[in-house]
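Now for the letters of each chain:
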Amino acid sequence: MSFLNNYIYYIGAVGLILIGLYILLAKHNLIKMIIGLAIMDTGVNLLLITIGYIKKGTAPIFSKTGLNPRNMVDPVPQALVLTAIVIGVAVLALALSLAIRLYQHYGTLDMRKIKEQRW
Amino acid sequence: MRKIVSIILLSVIAIGIVLTLMKIPFAVPKTKVGAYYVDKGVGQTGAVNIVTSVVLNYRGFDTLGEVTVLFIAALGLGAVLATVKKKTKREIMPSSLVLSTGCKFLFPFILLFGTYIFIHGHLTPGGGFQGGAIIASGFLLIYLSCPKKRINEARFKVTESIAGLTFVITGILGLAFGGYFLFNFLPKGVANTLFSAGIIPIIYIAIGFKVGAELAGIIDGLMRISE
C-alpha cells in the first residue's frame, strides 16, 4: 500500500503517456491519433510537475512573510510546463489544420486509405 | 498484427520508463538549482512569484524561443489553411437572444480577468501565457455564440507583432544598459507590490497580448474555413 501511496502520481502520468502512445500507434483515424497526441502531452506535463513535488509543499510564491523556502516545490519544472501547455495547444491546432487539409484532398481521414501514408 | 507490435513496443518503453523512475524518489527535494532559485529569487529579481522569475529572468532567453515556437505554429496554421480551396457551405442557425446577450455581457469581464492575470504575473499564480489563453477563450465564446462576428485579422497581426517586438527590444535595451541580453535594467522596487521586479511585468504584458492575439487568430483561422 505504501508503494501505491508513493508512486500513484508516477503511475498515472506514465499511464497517460502510454495510453496516448498506444492510440498513436494502433488507431487509423487521424482525429483519434491527434487526441492520442493530446493525451500524451498531458501525461508528459503531469510527469514533470510530479517530479518537482515536495511532500506537503506550498507554491513557490512569497506572498506573505513566514513562508519556509524549504517547503516550496521545485519552480523549474513548473516554469517549463507553463510554456509547454500553451505550445501544446498551438501544435494541436496545427495538427488539426493539417487534418482538415488532408480530408479535403483525399476525402477520408482513415490512414489506411490514404495512399502515400500506409504503415 | 499492428496492435500486437504496438503492445510489444509499448511494454519495452514502459519497462524503460519504470526502470528510470525507480531511481527517482518521490516527494523529496531533488535539484540544487530549484533550491537556489527559491532562496535567492526574490533578492535577485524582485518578483515574489519564483516561477515567474525563472520563466522571465533566469530562463528569459528560453522563453523567447518558446514564444517563437508558438508564433511559428500559428503561422504554419495560417499557411496550411490559406490553401484550402473549396469552402464548405454550412447552415448556421442564429443563437437565441439569451445566449448571445449573455456572452456579449460576459466578454468584457473575461478580458478584464485575463488582463488581471497577466499584469499580476509576478505577484500571484498566473502570467502572460495563462492570461493570454483566458483572453483567447473570451474570443472563442463570442465565436461560438455569435457566428456572424469576426475579429479584425490585420489588427490582431499588428498587436501580435508589436508585442513580440516589445519583448525583443526590452532584451536589447538590457544588452545596451547591463551588458547582456534581457538584463533587468529597471529598479526592482519593493517586493510584493505591483510596480516591482523591473522588466518582468513589461515582458509579461507583452507576452499576454501576444499569446491572446495568436490564440484568437488560431480560433479565427479554424472557424473561417467552414463559413
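Each residue is numbered by its place in its chain's sequence as written, counting from 1. Each chain is given a letter, starting from A, and each ligand a number, starting from 1, according to the order in which they appear as written. Per-residue local features are limited, in this predicted model, to residues with pLDDT of at least 70; the limit for side-chain atom pairs, both in listing and counting, is 80 or more; totals at the level of whole chains, interfaces and linings are taken over all residues.

## Side note on the overall build of chain B
Runs of H or I in DSSP of at least four residues are treated as helices and runs of E of at least two as strands, each being numbered from the N terminus. On a plain count of helices and strands, chain B comes out with 8 helices and 0 strands. Moving toward the C terminus, one meets the helices and strands of chain B in the order α-α-α-α-α-α-α-α. For chain B, the C-alpha radius of gyration of 22 Å lies well beyond 17 Å, the compact-globule estimate for 227 residues. Taken over the C-alpha atoms alone, chain B extends approximately 60 × 55 × 35 Å along its principal axes. Each radius of gyration is computed over the set of C-alpha atoms, and the globule rule expresses the reference value as 2.2 Å times the number of residues to the power 0.38.

## Some remarks on the overall build of chain A
The helix and strand tally for chain A stands at 3 helices and 0 strands. Mapped in sequence order, the helices and strands of chain A form the string α-α-α. In terms of overall size, chain A is more extended than a compact globule, its C-alpha atoms giving a radius of gyration of 19 Å where 119 residues would be expected to give roughly 14 Å. Oriented by its inertia axes, the alpha-carbon framework of chain A measures out at about 65 × 35 × 15 Å. Any residue whose C-beta has 12 or fewer other C-beta atoms within 10 Å is treated as exposed, any with 20 or more as buried, and any in between as partly exposed, C-beta atoms being built from the backbone. Counting only residues that meet the buried cut, chain A has 28% of its 119 residues in that class. The contact rule is simple: place each C-beta atom from the backbone, and if two of them lie within 7 Å, those residues are in contact. Of the contacts formed within chain A by residues at least 6 apart in sequence, a portion of 51% connects residues at least 24 apart.

## Focus on the environment of Ala 47 of chain B
All names here are of chain B. Of note, Ala 47 is situated in the loop between α2 (32-45) and α3 (50-58). Looking at Ala 47, the number of C-beta atoms within 10 Å reads 30, which means it is buried. Counting along the chain gives 83 residues from Ala 47 to Gln 130, while the straight-line C-alpha distance between them is 17 Å. With sequence-adjacent residues up to four places away left out, Ala 47 is seen in contact with Thr 52, Ser 53, His 122, Ala 197 and Ile 200.

## Describing the interface of chain B and chain A
Taken together, the contact between chain B and chain A spans 49 residues of the former and 41 residues of the latter. Among the elements of the structure, α1 (2-22), α2, α3, α4 (60-82), α6 (128-145) and α8 (200-224) of chain B are those that each provide at least two residues to the side of chain B that touches chain A. The element contributing the most residues to the side of chain B that touches chain A is α4 of chain B, with 10 residues. Residue polarity follows a fixed list, in which Ala, Val, Leu, Ile, Met, Phe, Trp, Tyr, Cys and Pro are nonpolar, Asp, Glu, Lys and Arg are charged, and the others, Gly among them, are polar. Along the lines of polarity and charge, the residues of the side of chain B that touches chain A split into 36 nonpolar, 7 polar and 6 charged.

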